[in-house]
Amino acid sequence: MTGTGAGSSLDASGADQLLSGLTRFLLLHSAEGAFELRDTVRAVGRAYGVHAEVLVVVEGAVLTIRHPVGPTYHDTVRVAPELTRLDLVSKAKFLVNRILAGELSAAAASRELAGLESSGEPYSWWLRVIGVILFSAGFAPGVQQTWREVAAAAILGAVMGVLFVAADWAGGLRVLLPIVATLVVAVIAFEVLHAQDAPGGAVLLMIPGLFILIPGDLLCAATAEIAVGEFTPGAVRLAQAAVTLVQLAAGVMIAAELTGVGLRVLSQPAAPAHSLPDWLIAVAWLPFTVGLALTFNARMRDVPWMLLLVYVAWGAQELVLAHSLVVPQEGETGATAAVFVAATILAFAAGVLEQFRGLPPRGVTILAGFFALTVGAVALRGLTALAGNPQVQGFNDIRDATSESVALTLGLIAGAGAAAAIAAYRRRNARVGAA
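Calculation criteria
- Residues numbered from 1 in each chain as written.
- Predicted model: local features only at pLDDT ≥ 70, side-chain atom pairs only at ≥ 80, totals over all residues.
- Heavy atoms only, no water.
- Pairing = 2+ DSSP bridges.
- Helix = DSSP H or I, 4+ residues; strand = E, 2+ residues; numbered from the N terminus.
- Axes fitted to C-alpha atoms, helices over the stretch in contact; angles between N-to-C directions.
- Contact = heavy atoms within 4.5 Å.
- Core = buried A, V, L, I, M, F, W, Y, C linked by side-chain atoms within 4.5 Å.
- Buried < 20%, exposed > 50% of the residue type's maximum accessible area, 1.4 Å probe, protein only.
- Phe/Tyr/Trp six-rings, centres within 6.5 Å; stacked < 30°, edge-to-face > 60°.
- Salt bridge = Lys/Arg side-chain N within 4 Å of Asp/Glu carboxyl O.
- Left-handed = near helix turned anticlockwise from the far one by under 90°.
- Nonpolar A, V, L, I, M, F, W, Y, C, P; charged D, E, K, R; others polar.
- Patch = residues over 30% accessible without salt bridge, like charges linked within 9 Å, V, L, I, M, F, W, Y side chains within 5 Å.
- Areas by Shrake-Rupley, 256 points an atom, 1.4 Å probe, with all protein chains shown as cover.
- pLDDT = per-residue confidence, 0-100.
- Expected span 1.5 Å × (residues − 1).

(A) Local environment of the sheet that holds strand S1 (residues 51-57). Here 3 strands make up an open sheet; going across it, the order is S1-S2-S3 and the pairing antiparallel. Strand pairing shows two members of the sheet lacking a second neighbour, S1 and strand S3 (73-78), which therefore form its edges. Between one strand and the next, the sheet's axes are offset by a mean angle of 15°, whatever the strand orientation. Relative to strand S2 (residues 60-66), S1 runs antiparallel, the two sharing 7 bridges. Following the sheet pairing, Val56 is matched in S2 by Ala61. Strands S1 and S2 of the sheet are contacted by helix H2 (residues 37-47), whose axis makes an angle of about 160° with S1.

(B) The nonpolar core, seen in detail. Judged by nonpolar contacts, the single largest core of 54 residues is most densely connected at Leu86, Phe190, Met206 and Leu292. If sequence neighbours within four positions are ignored, Phe190 has contacts with Ala195, Gln196, Ala202, Met206, Val252, Ala255, Ala256, Thr259, Val261, Val265 and Leu266. Ala15, Ala61, Val79 and Ile99 belong to the second largest nonpolar core, which has 34 residues in total.

(C) Looking closely at the packing of aromatic side chains. Taken as a whole, this structure holds 12 aromatic pairs when the rule is applied. Residues Phe211 and Phe371 carry aromatic rings whose centres are separated by 5.8 Å and whose planes lie at 65° to one another, so their mutual orientation is edge-to-face. Of the two residues, Phe211 sits in the loop between helix H8 (202-210) and helix H9 (216-227) while Phe371 sits in helix H15 (residues 362-373), which places them 160 residues apart along the sequence. No difference in accessibility class separates Phe211 from Phe371, as the two residues are buried.

(D) View of the pattern of salt bridges. Inspection of every chain in the model, using the stated rule, returns 12 salt bridges. In this structure, the salt-bridge partner of Arg42 is Asp39, at a minimum N-O distance of 4.0 Å. Here Asp39 and Arg42 lie together in helix H2, a separation of 3 residues that amounts to about one turn. With its nearest N and O atoms 3.9 Å apart, the salt bridge here joins Glu59 to Arg78. Remark: Arg78 occurs in strand S3 and Glu59 occurs in the loop between S1 and S2; sequence separation between them is 19 residues. Taking the relative accessible area as the measure of exposure, Glu59 reaches 37% and is therefore partly exposed. If you follow the salt bridges from partner to partner, you end up with Arg98, Glu103, Glu112 and Arg357 in one network.

(E) Examining the packing of H2 against helix H3 (residues 86-100) more closely. Put simply, H2 and H3 touch, their axes get as near as 9 Å, and they point 35° apart. In this structure, H2 meets H3 at a crossing whose hand is left-handed. Where H2 approaches H3, its residues Thr40, Ala43, Val44 and Ala47 are matched on the opposing element by Val96, Ile99 and Leu100. Of the residues in the contact of H2 with H3, the class split is 6 nonpolar, 1 polar and no charged.

(F) Quick look at a nonpolar patch on the surface. A cluster of nonpolar side chains, Trp125, Trp126, Ile130 and Trp169, forms an exposed patch at the surface whose accessible area comes to about 500 Å². Positionally, Ile130 belongs in helix H5 (residues 125-139). By relative accessible area, Ile130 is classed as partly exposed at 34%.

(G) Local environment of the confidence of the model for the protein. Confidence along the protein averages 83 in pLDDT terms, with 83% of residues attaining 70 or more. Note that pLDDT drops below 50 for residues 1-10; the model gives that stretch 18 contacts with residues more than four away or on any other chain. Confidence drops under pLDDT 50 across residues 327-333; counting only partners more than four residues distant or on other chains, this segment forms 10 contacts.

(H) Region of the structure containing the environment of Ala52. Within the element layout of this structure, Ala52 appears in strand S1. The residues contacting Ala52, other than those within four sequence positions of it, are Leu19, Val41, Arg42, Leu63, Thr64 and Ile65.

(I) Just the side chain of Ser110, in detail. Mapped onto the elements, Ser110 comes out in helix H4 (residues 106-118). Taking relative accessible area as the criterion, Ser110 reaches 13% and is therefore assigned buried. With near-sequence residues (within four places) excluded, Ser110 lies in contact with Gly14, Gln17 and Leu18.

(J) Seen up close, the side chain of Ser90. Topologically, Ser90 is positioned in helix H3. Look past the residues within four positions of Ser90 in its chain and what remains in contact with it is Arg299, Asp302, Pro360, Pro361 and Val364.

(K) Representation of the environment of Gly60 within the structure. By secondary structure assignment, the location of Gly60 is in strand S2. Distance in space between the C-alpha atoms of Gly60 and Arg78 is 4.2 Å, their sequence separation being 18 residues. Apart from residues no more than four positions distant in its own chain, Gly60 is found in contact with Leu27, Leu55, Val77, Arg78 and Val79.

(L) Spatial organisation of H15. Taking 1.5 Å of rise per residue, the 12 residues of H15 would be expected to cover 16 Å, and the 16 Å separating its terminal C-alpha atoms lies within 8% of that figure. Within H15, 11 of the 12 residues are buried, which leaves the element mostly enclosed by the surrounding structure. Of all the positions in H15, only Arg362, Val364, Thr365, Ile366, Leu367, Ala368, Gly369, Phe370, Phe371, Ala372 and Leu373 are classed as buried.

(M) Structural view of the pairing of S1. Burial along S1 is one-sided: the face carrying Ala52, Val54 and Val56 is buried and the face carrying His51, Glu53, Leu55 and Val57 is not. Between S1 and S2, which follow one another and run antiparallel, lie 2 residues.

Following this line, the structure appears as structure tokens:
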């Protein structure tokens, strides 16, 4: 790190320290994409009279700060993005808002940022385990609408929750979590829950328990970054998602061989079942959202907004599917258009809500709705089906995952773009009114 001591009324050295810390903080919490990191750092720099530029890759950033007087400041930040502290994502928005409103000096803002970074998690480990259980059980009716699926999801979610929390305690386990956790969950699914006999297929029984590891968000974040010209982080994130999917599929396949059920059970066609009342399927999104909040340490006051957008996304998707004029052919889901419309509405609603000063940021409110629409589960099912027997269904699942991922990404871009246009219009009107 090279600093500049440009002593001025704007406290240039304090701005350097703040922007360096802010870049690291935002990069650490950029697992859903680094779209806003550069714009946020630029805006904060302008607030303190300096010009800041950031070159971002997935696990690093190069920060350059130019001062009106004095030498240029450079810093290289390296940190692995994660998705574990949504409470800090919310608090960072409010801190940045105060900075842009001129309420904090650079030194005061640096102290508050340091306080955020050193703060402990809001929930104890056992609450996070319960969160994973609720998250898995709440998602189960959206995969296979049977009581067996819900019970299996709760059991496998408890196992996954313990492993997920343990990975936070043992740093080395985090790297191995996708394959180790999947192997453990799949062995229990085959040996204890007899997933090989499930009418919906073995993989569908496991997906709610594995859902916390399925990189549907990575796939879409990568595609979106590439779509908006962020080619380097997008390509790296895409490779990361592909490797994670391969690890998950490998864990299921190894478990199938270790337990003696064989790979062929992985390619058995799913038989849709519906034994749950419709009202329960709708209500299930409540524990799903609360579980997500506990798992990823979101503030409880943000849960109502997260839940609202879950129902917005899910309701839009169901409405489009119910009124579709095209009947899907055999082997098709017919969900591409529904995913696009739901994602567009979801991103637009999250972007509009973010413009209100006291509401949580888009990265928090959109997450639960995004998970509800995620397509990584379809890709995992396709990979395991191909391993069991390279039939058409496995290729169909991968095709569906690809088309739905693209639709989800384009919808998020369209919705976010519309919300950004509204925000820009409001800023222009505010400047005209002030003049």
